[in-house]
Structures are given as structure tokens and as C-alpha cells.
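Below are the chains, spelled out letter by letter.
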Amino acid sequence: GQQVMQIPQYQHVQEGEDFTTYCNSSTTLSNIQWYKQRPGGHPVFLIQLVKSGEVKKQKRLTFQFGEAKKNSSLHITATQTTDVGTYFCAGTRAAGNKLTFGGGTRVLVKP
Amino acid sequence: DVKVTQSSRYLVKRTGEKVFLECVQDMDHENMFWYRQDPGLGLRLIYFSYDVKMKEKGDIPEGYSVSREKKERFSLILESASTNQTSMYLCASTPGLDTQYFGPGTRLTVL
């Protein structure tokens, strides 16, 4: 079945530094979504990418969808303590009707 | 404002008990989902429903069943709880194949 892998599983970042988390699918996706889950909270939708090569920005967050629509990345610049949490990508297979989530990247920020 | 509620935040049950987890959404969404979340494994889809009385198996349906008698309510049933079903259970709803709105989660412990 469809698999979505995220790397790294854990990311320790110094406050102020940049980092990137990657998401790779075993199958071509019709879209990819990103969610953020704060410690003790539930996943909250961040963004959806649909087009091949699409790039979207939300303040310090930059999301990219690969040309082949099989991978995606989230880049955070100037990390802040408010960025702490687990970031999940989730993809819908082409002609599919359900999301498959990656394992998540847990981000810890060192002040 | 979007709202998805789950019947309990924490639940402790004994092996062999029948367990009901309830989820209610007030957004008139067609689609509802049950996931379980375990460290390092992300969110795994148990069952989903895209209409009243309709249900489809997700990736890990074994040991679970669901019920959707009304559009706003989606119940997850553990017929005979086992210790390997100790997990965080998240319900979500969506109007289509886009943003999923999650409930706060139920942390179930099976002793």
C-alpha cells in the first residue's frame, strides 16, 4: 500500500537557525498536506499543495511539492520556541480518497 | 468556529472490555475518520466514513468496528480491548479531500 516517510524523525534546532524536514511517498500524490501538533495537542492543518513544483510560504515556513509529486519539504527559517511540536505531512494518492500520514518530525528548539 | 469533540480525553479499560469512543462534529461534514497515533508511527487510519451508514476500512481495521447512524456522530468500537490497543485515538472530519479538522484526542490505556 501507499507509504509516506518523513525524515528526520527528530530535529534539535538552535533558536534562530534554519532547518528542513522532508516527506517522501512511494506513490504519486494528488496533493500533500502539512499539519503541526503542539505537545499535548492535536494536529492542526497548516497548508495544502496540489500542483507539481508548487511552493507556498507562510511567514517563516516554506512548503514545496516536488516536480514528480512524490515528495515535499518544509523549511523553517529563524526557528523560534513557538515552532516546537511535531510536523506531519499527509498525502492523498492520485484517484484516492484518504490521507496517508508520515511518521512526523518532532522539533525541539534550544534557546 | 469549527468544532470536533471526543467523548473522553482519558480512558482506562481492562483487557476484554468493550470500549466505545465517540466523536461529534458540528460542521455538517460528509467525511469522518478515526486514527490512532503511536510514537514514531504517525497517524494510522483505522476506519473512515463518507456518508451516514457508510464505512470503509483504513490501514489498520483489525480489532475495531465503527458506527455512523447520524451525520454528525462517528463511533469507534473496540469489541474486546487488548493491551496493544493502548494508544491515542484521534477523530477528524472534512467536507472533502482537503483540510482535516481533528478532535482533541482520547488517550486510551488498556490494562
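Now for a look at the structure at hand. Fair warning: this is a prediction, and the values are worked out from it, not measured in the lab.

**Topic: the state of the cysteines**
Taken as a whole, this structure holds two disulfides over all chains when the rule is applied. Note that A:Cys23 is cross-linked by a disulfide to A:Cys89, the S-S spacing being 2.0 Å. Negative torsions about the S-S bond denote left-handed disulfides, and the value of about 80 degrees found for A:Cys23 with A:Cys89 makes this one right-handed. You can see A:Cys23 sitting in strand 3 (residues 19-25) and its partner A:Cys89 sitting in strand 9 (residues 85-93), a full 66 residues away along the chain. You can call A:Cys23 buried: its relative accessible area is 1%. Its relative accessible area of 0% is what places A:Cys89 among the buried residues. A sulfur-sulfur separation of 1.9 Å characterises the disulfide bridge that pairs B:Cys23 with B:Cys91. Taking the torsion about the sulfur-sulfur bond, which here is approximately -75 degrees, the covalent link between B:Cys23 and B:Cys91 counts as left-handed. Here B:Cys23 is found in strand 3 (residues 19-25), whereas its partner B:Cys91 is found in strand 9 (residues 87-94), with 68 residues between them in sequence. Across the pair, B:Cys91 and B:Cys23 agree in class, each one buried.

**Describing the interface of chain B and chain A**
With 19 residues of chain B at the interface, the matching set in chain A holds 18 residues. Linking A:Lys98 and B:Asp59 is a salt bridge whose minimum nitrogen-to-oxygen distance equals 3.0 Å. Linking chain B with chain A are three residue pairs in polar contact (both at pLDDT 80 or more). Those elements that place two or more of their residues in the side of chain B that touches chain A are strand 4 (31-38) and strand 5 (42-49) of chain B. Ranked by residues supplied to the side of chain B that touches chain A, first place goes to strand 5 of chain B with four residues. For the side of chain B that touches chain A, the per-class residue count stands at nine nonpolar, six polar and four charged.

Conventions we followed
Residues numbered from 1 in each chain as written. Chains lettered and ligands numbered in written order. Predicted model: local features only at pLDDT ≥ 70, side-chain atom pairs only at ≥ 80, totals over all residues. Heavy atoms only, no water. Disulfide = S-S within 2.5 Å. Helix = DSSP H or I, 4+ residues; strand = E, 2+ residues; numbered from the N terminus. Buried < 20%, exposed > 50% of the residue type's maximum accessible area, 1.4 Å probe, protein only. Contact = heavy atoms within 4.5 Å. Salt bridge = Lys/Arg side-chain N within 4 Å of Asp/Glu carboxyl O. Polar contact = N/O pair within 3.5 Å; in protein donor to acceptor, adjacent residues only side chain to side chain. Nonpolar A, V, L, I, M, F, W, Y, C, P; charged D, E, K, R; others polar.

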